[in-house]
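# Structure assessment
Residues per chain, in single letters:
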Amino acid sequence: MQELALTVNGRERALRVPEAATLLHVLRNDLAFNGPKYGCGLGQCGACTVWVDGVAARACVIPAHGVAGRAITTLEGLGSRDCWHPVQQAFEQAQAAQCGYCLNGMVMQAAALLARDPHPSDARIRAELSGNLCRCGTHVEILTAVQAAALRMAGDEAT
């Protein structure tokens, strides 16, 4: 076990974890964050997506000790219960989830895209989300949600 200092959702966390622990393991098992999900364990499905210094990353393949001192954002830190992020609002309004397993990754990846490119084309949105797997087939609703979030965020910029 080694000491690890992480900043998760703006809060400093100190804990002791095995040297081989993944960021996903620490977030879910040690810090009790339920947003990132264990899907494939290979970084291919996107269910575990978090932000590391504002960039979408797959937590299941990142060594926890490799992100010490960096800013980690989970779905829980993207918005709050009282003030959802525009992407979270849009997903809820578009009913873009069935089972919800992919939801964490889709929301985190979409929010990262919109932070970089507030006016993405449909092709750009599809390309950005192509690595996030959804078994339920809500792809149309997800695309609609991301488009709506982009419009909502663009409207916020104009005011």
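So, a few notes on the structure that sits alongside this text. Computed from a predicted model, the values in this text were never measured in an experiment.

Turning to the pattern of salt bridges, a few remarks are in order. Scanning all chains against the criterion turns up 4 salt bridges. As a salt-bridge pair, Arg16 and Glu3 come within 3.2 Å of each other at their nearest N and O atoms. With Arg16 in strand E2 (residues 11-17) and Glu3 in strand E1 (residues 2-8), this pair connects stretches of sequence that are 13 residues apart. Taking relative accessible area as the criterion, Arg16 reaches 46% and is therefore assigned partly exposed. Residue Glu128 pairs with Arg116 through a salt bridge whose shortest N-O separation is 2.9 Å. Of this pair, Glu128 sits in helix H5 (residues 122-129) while Arg116 sits in helix H4 (residues 103-116); the two residues are 12 residues apart in sequence, bridging distant segments of the chain.

What follows is about the state of the cysteines. Going through the model one piece at a time under the given rule, you end up with 0 disulfides. No disulfide involves Cys40; its sulfur sits 3.9 Å from the nearest other cysteine sulfur, which is in Cys45. The class of Cys40 is partly exposed, set by a relative accessible area of 28%.

About the cut-offs
- The residue numbers shown here count from 1 along each chain, following its written sequence.
- With pLDDT at 70 or above as the cut-off, local features in this predicted model cover only qualifying residues; side-chain atom pairs require 80 or more to be listed or tallied, and sums for whole chains, interfaces and linings still use all residues.
- With hydrogens and water excluded, all non-hydrogen atoms of the structure serve as input to the side-chain values.
- When a carboxyl oxygen of Asp or Glu is within 4 Å of a side-chain nitrogen of Lys or Arg, the pair counts as a salt bridge.
- The secondary structure listing takes helices from DSSP runs of H or I that are at least 4 residues long and strands from runs of E that are at least 2 residues long, numbered from the N terminus.
- Only protein chains enter the accessibility calculation, which uses a 1.4 Å probe; a residue whose area is less than 20% of its type maximum is buried, one above 50% is exposed, and one in between is partly exposed.
- Criterion for a disulfide: a pair of cysteine sulfur atoms within 2.5 Å.

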